[in-house]
Amino acid sequence: MSSVSPLVRGEKATRRDQILAAAAELFARHGFHGVGIDEIGSAVGISGPALYRHFRSKDAMLGEMLTSISRYLLDGGTARVGEGGSPDELLAGLVRFHVHFALSQPALITVQERNLANLSDDDRREVRALQRRYVEVWVSALRAAVPGLDDARARSSAHAVFGLMNSTPHSRHLPDGDLAELLSALALGALYAAR
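Residues numbered from 1 in each chain as written. Predicted model: local features only at pLDDT ≥ 70, side-chain atom pairs only at ≥ 80, totals over all residues. Heavy atoms only, no water.

Caption draft 1: Highlighting the UniProt feature "domain: HTH tetR-type" (unreviewed entry) in the protein. Residues annotated in UniProt with the feature "domain: HTH tetR-type" (unreviewed entry) correspond here to residues 13-73. Annotated as 64% helix and 0% strand, the span residues 13-73 places its first and last C-alpha atoms 19 Å apart. (UniProt positions renumbered as here; feature names shortened; annotations may be inferred. Helix = DSSP H or I, 4+ residues; strand = E, 2+ residues; numbered from the N terminus.)

Caption draft 2: Region of the structure containing the environment of Phe55. With respect to the helices and strands, the residue Phe55 is situated in the loop between helix H3 (37-43) and helix H4 (58-82). Residue class for Phe55 comes out buried when judged on its relative accessible area of 4%. Separated by 34 residues in the primary sequence, Phe55 and Ala21 place their C-alpha atoms 14 Å from one another. Those residues in contact with Phe55 that lie beyond four places of it in its chain are Arg16, Ile19, Leu20, Met61 and Glu64. (Buried < 20%, exposed > 50% of the residue type's maximum accessible area, 1.4 Å probe, protein only. Contact = heavy atoms within 4.5 Å.)

Caption draft 3: Up close: the confidence of the model for the protein. Scored by pLDDT, the protein comes out at a mean of 91, with 93% of its residues at no less than 70. Looking across the protein, the model is least confident in helix H1 (residues 6-9), with a mean pLDDT of 46, and most confident in helix H7 (residues 121-145), with 97. (pLDDT = per-residue confidence, 0-100.)

Caption draft 4: Local environment of the packing of aromatic side chains. Summed over all chains, the structure comprises 6 aromatic pairs. For the ring pair Tyr72 and Phe101, a centre distance of 5.8 Å and an interplane angle of 35° mean the geometry is tilted. In this pair, Tyr72 sits in helix H4 while Phe101 sits in helix H5 (residues 87-104), placing the two residues 29 residues apart along the sequence. Like Phe101, Tyr72 is buried. Where Tyr134 meets Phe162, the ring centres are 5.5 Å apart and the plane angle is 10°; that geometry is what we call stacked. With Tyr134 in helix H7 and Phe162 in helix H8 (residues 151-167), this pair connects stretches of sequence that are 28 residues apart. Assessed through its relative accessible area of 4%, Tyr134 is described here as buried. Connected via pairs of aromatic rings, a cluster forms that spans Tyr72, Phe97 and Phe101. Above the ring of Phe55, the side-chain terminus of Arg16 is found at 4.2 Å from the ring centroid. Sitting above the plane of the Phe32 ring, Lys58 keeps its charged end 4.4 Å from the centroid. (Phe/Tyr/Trp six-rings, centres within 6.5 Å; stacked < 30°, edge-to-face > 60°. Lys NZ or Arg CZ within 6 Å of the ring centre and 35° of its normal.)

Caption draft 5: Geometry of the packing of H5 against H8. At their nearest, the axes of H5 and H8 sit 8 Å apart, and the two run at 40° to each other. Classified by the interaxial angle, the pair formed by H5 and H8 is oblique. Classified by chirality, the crossing of H8 by H5 is right-handed. In this structure, H5 uses Val95, His98, Val99 and Ala102 to contact H8, whose residues at the interface are Phe162, Met165 and Asn166. Looking at the contact of H5 with H8, its residues break down into 5 nonpolar, 2 polar and no charged. (Axes fitted to C-alpha atoms, helices over the stretch in contact; angles between N-to-C directions. Parallel < 35°, antiparallel > 145°, perpendicular 65-115°, else oblique. Left-handed = near helix turned anticlockwise from the far one by under 90°. Nonpolar A, V, L, I, M, F, W, Y, C, P; charged D, E, K, R; others polar.)

See the structure below:
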């Protein structure tokens, strides 16, 4: 299962997807500790206790939410690289993929930024491992596109550009299409400036 919107994945929403999407919106708005199980149930039209048919706890819900978005990003980034193309095309594809994710999933980004510490130790380790692997996809693509760039500088550049792409959707001043173009251009400009 993935907490990434079924529309992003090109799939029909399951009840689990609906619950995770509602929980992500509520966690983003009120914080993990500011939301009760009854509020999540109400958001999807069921009682709070009925959520236990789908998740063993609110903590398990958060764990699935954050591990699944980290897995989604890693799988998507790996797929973009697997499509082939020149180093510049691969890097541009990664940027477009992440920009699309950031613009379509601002609540999930907010939850991930604010609630990593609320995960169980096992879930936190898994999320961190998936995130590190996603960064390494970017490091490889960036080093191929920007000759002479070392791992440390490429890794720092990738993290800086993630910050740019992940934070901008929270203050939208342009239509999504225009903002996606702007974010992509800014991200690529910053990455190529890492020389």
